[in-house]
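Inside the fold
So the chains spell out like this:
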Amino acid sequence: MMHWRSIIRIIGLLIALLSIFMLLPALVALIYRDGAGAIFVRSFFAALILGCLLWLPNRHHRHELNSREGFLIVVLFWVVLGTIGAFPFIFDTHINLNLTNAFFESFSSLTTTGATTIVKLDHLPKALLFYRQLLQWLGGMGIIVLAVAILPLLGVGGMQLYRAEIPGPQKDSKMRPRIAETAKTLWSIYILLTTLCAICLWFAGMNVFDAISHSFSTISMGGFSTHDDNLAYFNSATINYIITLFLILSGCNFALHFAALSGFSIKVYWRDQEFRTFIFILAILIAICAFGIYVYQPERKLSIDKIVLQVVSITATVGFTVDDINTWPSSLPIFLLCASFIGGCAGSTGGGLKVVRVLILFMQGSRELKRLIHPNAIYTLKLNNRVVPERIIEAVWGFFSAYTLVFLVSLFIIMATGIDATNSFYIVASSLNNLGVGLGNVSDTFASVSNVVKWVMVVDMLFGRLEIFTLLVLFTPTFWRS
């Protein structure tokens, strides 16, 4: 039996919490006097009133959450969060987005996809630009992880929310015994990395506004910029290398950051098999792309810092652009788009299948080949010198199957709208992997695609952000049975 009033109470509290963040871009508008503060004040009151309307009638209904309710709250909150996040885009008169585009921008920001329908960023108010970056930053680690560090004080249990929200196949491993302590630790690391990134970018030549804004989109791996030319605007090798470093740090499991800080040792990174695989994949891709460009387009004289940043950005599903990859040798853009299916490490802010899942699938394939030769032999899969339980392997295959199903269904729906197969593939890969970079006809923005395609992309963004199963489980009859 679902405790609906308890669920509504929690959603109300979370919306009220989100409303507070609307005041930050209003403060930016006040500092820069760009005239955009009113839309955020209106959004603040609209979100606060809605949150209170949901919370007040149900404030005395407190029940411990079960797993089903945890999953439902996560999905409901992301849907509501994306809706509330669209308020400023709806109220704004500078970009005049229709309802579909406003929701598209909100969900793209919160899911750290980085796809956009907005052009002429250099002429937009600072507050609106900051708001897009802030939404990415909040969505990067997951607003619910922040919430479970605070809501226990208000009588809300957080373990079920945390298990439904944290990405990766090894959700049950805990850095700390208590969920609130774990969430606080994650966000402390997240804030620390953001602060260090902003300081480094400021010293490298960015102004304060751009340094803070790009640190938000770097650590969240969202890829939004405050300029139309994205990172090419700065034309700085130092900035490119700094962002590349922090993208790699954001793309690895945050549990490794916790272990490194706790033990004051960086050796824990290299001892982790997933992280080593992540670095190996990036190195191979950089070498291939550098070879392809220098051999087939030597006249471009593209610097290595731009190649490295572009490869890391796309592979880790960030979406930053420092060069137009559509002008690279024809096979390389497709090659990098396919690499984005791997994505970042489990427990990171990246998208995609996650490195550990791809690693397990590879090891499982190798094991099956060995069994063909020695059918009676017993082979075990080991990750970090520990045997991987068969249940984890089954879950990885299940995830891969569900991912493929969602991808194919989305692909066929978009093709049914009249878009050719190639561009449909680009669109689905960009949204389901939370990448945001377009190729072909959508290389610049997604403004030209139909509203139907945009809503399919929004659903895919949620599927990618919530790791497929969290959202897909709601469509099963078993979930709704008492």
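Scope of this entry: the structure provided in the associated data block. Note that this is a predicted model, so its numbers are computed, not measured. (Residues numbered from 1 in each chain as written. Predicted model: local features only at pLDDT ≥ 70, side-chain atom pairs only at ≥ 80, totals over all residues. Heavy atoms only, no water.)

**A look at the side chain of T226**
Formally: Put simply, DSSP marks the helices as runs of H or I at least four residues long and the strands as runs of E at least two long, and each gets a number from the N terminus on. Exposure categories follow from relative accessible area, calculated using a 1.4 Å probe and restricted to protein chains: below 20% of the type maximum is buried, above 50% is exposed, and the middle band is partly exposed. Here a polar contact is recorded for every N or O atom pair within 3.5 Å, except that within protein the pair must consist of a potential hydrogen donor and a potential acceptor, and residues adjacent in sequence are included only if both atoms are side-chain atoms.
Along the chain, T226 turns up in the loop between helix 11 (208–219) and helix 12 (237–251). Overall, T226 belongs to the buried group, its relative accessible area being 2%. Within the local environment of T226, its side chain forms a polar contact with the side chain of D210, the two groups lying 2.7 Å apart. Engagement of the side chain of T226 in a polar contact is seen with the side chain of H227, the distance being 3.4 Å.

**Some thoughts on unusual backbone geometry**
Within the chain, N230 stands out as a residue other than glycine whose phi angle is a positive 55 degrees. Turning to its location among the elements, N230 is positioned in the loop between helix 11 and helix 12. Judged by relative accessible area, N230 falls into the buried class, the value being 9%. Backbone geometry places N235, a non-glycine residue, at a positive phi of 50 degrees. Tracing the chain through its elements places N235 in the loop between helix 11 and helix 12.

**Points about a nonpolar patch on the surface**
Formally: Here a patch means residues that are over 30% exposed by relative accessible area and free of salt bridges, tied together within 9 Å if like-charged and within 5 Å if nonpolar (Val, Leu, Ile, Met, Phe, Trp, Tyr). A 1.4 Å probe and the Shrake-Rupley method give the accessible areas. Residues count as covered only by the protein chains that appear here. For this analysis, a salt bridge means a side-chain nitrogen from Lys or Arg found within 4 Å of a carboxyl oxygen belonging to Asp or Glu.
A grouping of I199, W202, F203, V208 and I212 is seen on the molecular surface, where their side chains present a nonpolar patch of about 510 Å² in accessible area. Taken together, the elements giving at least two residues each to the nonpolar patch come down to helix 10 (179–203) and helix 11. Broken down by element, the residue count for the nonpolar patch peaks at 3 residues, all from helix 10. For V208, the location among the structural elements is in helix 11. You can call V208 partly exposed: its relative accessible area is 48%.

**Concerning the packing of aromatic side chains**
Note the cut-off: Note on aromatic contacts: the rings of Phe and Tyr and the six-membered ring of Trp form a pair at centre separations within 6.5 Å, being stacked when their planes are under 30 degrees apart, edge-to-face when over 60 apart, and tilted otherwise.
Applying the stated criterion across every chain yields a total of 25 aromatic pairs. When the ring of W137 is compared with that of Y190, the centres are 5.3 Å apart and the planes differ by 25 degrees; the resulting orientation is stacked. With W137 in helix 7 (residues 126–141) and Y190 in helix 10, the pair connects residues that are 53 residues apart, well separated along the chain. Here W137 and Y190 have matching classes, each one buried. Relative to F469, the ring of F399 lies with its centre 6.0 Å away and its plane at 75 degrees, an arrangement referred to as edge-to-face. With F399 in helix 19 (residues 390–416) and F469 in helix 22 (residues 469–472), this pair connects stretches of sequence that are 70 residues apart.

**Section: the pattern of salt bridges**
In the structure shown here, the tally under the stated rule is 6 salt bridges. Between E390 and R367 there is a salt bridge, with the nearest N and O atoms lying 3.2 Å from each other. In this pair, E390 sits in helix 19 while R367 sits in helix 18 (residues 355–373), placing the two residues 23 residues apart along the sequence. For E390, a relative accessible area of 42% puts it in the partly exposed group. Residue R367 is classed as buried on the basis of its relative accessible area, which comes to 4%. Between E368 and R371 there is a salt bridge, and its shortest N-O distance comes to 2.9 Å.

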